[in-house]
Amino acid sequence: MLGNLFASGRSQAVSTIPLFPLRTVLFPGGLLPLKVFEQRYVEMTKRCLKEGLPFGVVMITSGEEVATNAGAPAFATFGTLATITAWDMPELGILHVATEGLTRFQVREHRVLPDRLVVADVVDIPTEPRLPLPADAEPLAKLLELIAARVGPQNFPPAHDYGDASWVGYRLAELLPLPLSIKQSMLEINDAGVRLRVLAKFLKQQGLL
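Residues numbered from 1 in each chain as written. Predicted model: local features only at pLDDT ≥ 70, side-chain atom pairs only at ≥ 80, totals over all residues. Heavy atoms only, no water.

A. Structural context of the overall build of the protein chain. Helix and strand content of the protein chain: 5 helices and 6 strands. Starting at the N terminus, the α and β elements of the protein chain follow one another as β-β-α-β-β-β-β-α-α-α-α. For 209 residues, the compact-globule estimate of 2.2 N^0.38 gives 17 Å, and the C-alpha radius of gyration of the protein chain, at 18 Å, lies within 12% of that figure. Across its three principal axes, the protein chain shows a C-alpha extent of roughly 50 × 40 × 30 Å. Here the contacts in the protein chain between residues at least 6 apart in sequence split such that 66% fall between residues at least 24 apart. Accessible surface for the protein chain amounts to roughly 10,900 Å². Of this, 56% is attributable to carbon and sulfur atoms. The distance from the centre of the 20 positive side-chain charges to the centre of the 21 negative ones in the protein chain is 3 Å. (Helix = DSSP H or I, 4+ residues; strand = E, 2+ residues; numbered from the N terminus. Rg over C-alpha atoms; globule rule 2.2 N^0.38 Å. Contact = heavy atoms within 4.5 Å. Areas by Shrake-Rupley, 256 points an atom, 1.4 Å probe, with all protein chains shown as cover. Lys, Arg positive; Asp, Glu negative; His and termini not counted. Charge placed at Lys NZ, Arg CZ, Asp CG, Glu CD.)

B. Molecular detail of the side chain of Arg 171. Along the polypeptide, Arg 171 turns up in helix α3 (residues 165–175). With near-sequence residues (within four places) excluded, Arg 171 lies in contact with Phe 27, Pro 28, Gly 29, Gly 30, Leu 144, Phe 156 and Pro 157.

C. Structural view of the pattern of salt bridges. According to the stated counting rule, one finds 6 salt bridges in the structure shown. Residues Arg 195 and Glu 128 are paired through a salt bridge, measuring 2.7 Å at the closest nitrogen-oxygen approach. Placement of Arg 195 in helix α5 (residues 192–205) and of Glu 128 in the loop between β6 (118–124) and α2 (138–151) is noted, with a sequence separation of 67 residues between them. Look at Arg 195 and you get buried, because its relative accessible area is 0%. Among the salt bridges present, the one from Arg 171 reaches Glu 174, with a minimum N-O distance of 2.5 Å. (Salt bridge = Lys/Arg side-chain N within 4 Å of Asp/Glu carboxyl O. Buried < 20%, exposed > 50% of the residue type's maximum accessible area, 1.4 Å probe, protein only.)

D. Representation of the nonpolar core. In this structure, Phe 27, Leu 140, Val 168, Leu 172, Leu 176 and Leu 196 are the most contacted members of the largest nonpolar core, which totals 28 residues. When contributions to this core are tallied by element, the ones reaching two or more residues are α2, α3, α4 (180–188) and α5. In contact with Leu 176, not counting residues within four places along its chain, are Ile 147, Lys 183, Leu 199 and Leu 203. Of all hydrophobic cores here, the second largest spans 18 residues; its members include Val 36, Met 44, Val 57 and Val 97. (Core = buried A, V, L, I, M, F, W, Y, C linked by side-chain atoms within 4.5 Å.)

E. View of α3. For α3, the buried fraction is high: 9 of the 11 residues fall into the buried class. Restricting attention to buried positions, one finds in α3 the residues Ala 165, Ser 166, Trp 167, Val 168, Gly 169, Tyr 170, Arg 171, Leu 172 and Ala 173. Check the buried side of α3 and you find it contacts β5 (94–112), α2, α4 and α5.

F. Geometry of the pairing of strand β4 (residues 74–91). In this sheet, β4 lies alongside strand β3 (residues 55–62) in antiparallel orientation, the contact comprising 6 bridges. Paired with Ile 60 across the strands is Phe 75, a residue of β4. Examined bridge by bridge, β4 and β5 share 10 bridges and lie antiparallel to one another. Each bridged residue has a counterpart across the sheet, and for Thr 80 the counterpart in β5 is Arg 104. Where β4 folds back on β5, the antiparallel hairpin that results is connected by 2 residues, among which Gly 93 adopts a positive phi of roughly 90°. (Pairing = 2+ DSSP bridges.)

G. Examining the packing of α3 against α5 more closely. Running from N to C, α3 and α5 cross one another at 40°; their axes reach a closest spacing of 9 Å. When the axis of α3 is compared with that of α5, the two are oblique. As α3 runs across α5, the sense of the crossing is left-handed. Contact residues: Ala 165, Ser 166, Val 168, Gly 169, Tyr 170, Leu 172 and Ala 173 in α3; Ala 192, Arg 195, Leu 196 and Leu 199 in α5. Across the contact of α3 with α5, the residue classes tally to 8 nonpolar, 2 polar and 1 charged. (Axes fitted to C-alpha atoms, helices over the stretch in contact; angles between N-to-C directions. Parallel < 35°, antiparallel > 145°, perpendicular 65-115°, else oblique. Left-handed = near helix turned anticlockwise from the far one by under 90°. Nonpolar A, V, L, I, M, F, W, Y, C, P; charged D, E, K, R; others polar.)

And the structure:
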């Protein structure tokens, strides 16, 4: 049982949430489909669905997604809240869940419950202020439009904002074939302009821009 994991509320400086460590990075506004079959995450998902609560997605830095005798995996201390937007149970005990990234957070402390679910005390990272896309970053937006057309609307957020530096940076960081460590660093950057410049440098080095 999750008990009072969410009792502290989002309005306070520190809140307690369940974590879903994965070998991926979720960005604010991004889409993340999940196949949930481990009992700890099935119960977590049911609780989140019932009460309309988010959970935290953090990138695994060492260890496995599936529970092992080695214990909980090591994970990054910066992650993103995920809200469930749709779900299906094609067979008993397996949930197909569609999620969307909300705001970022930083883990202060974490602990492992008896069922091996990881819960953490986290603090919210303020949403980046909207920054108009700089003129020199317009090629990045055009590249993003091409990528979005290729991946298809089902794999791309329906609300588009190609004029916002944060939105363009987040979408490129999640869609480009970057190493996970680089994607994580893009999540942790708190300046949309810096994120775009780093991405532009990478793309130029790869001959893609």
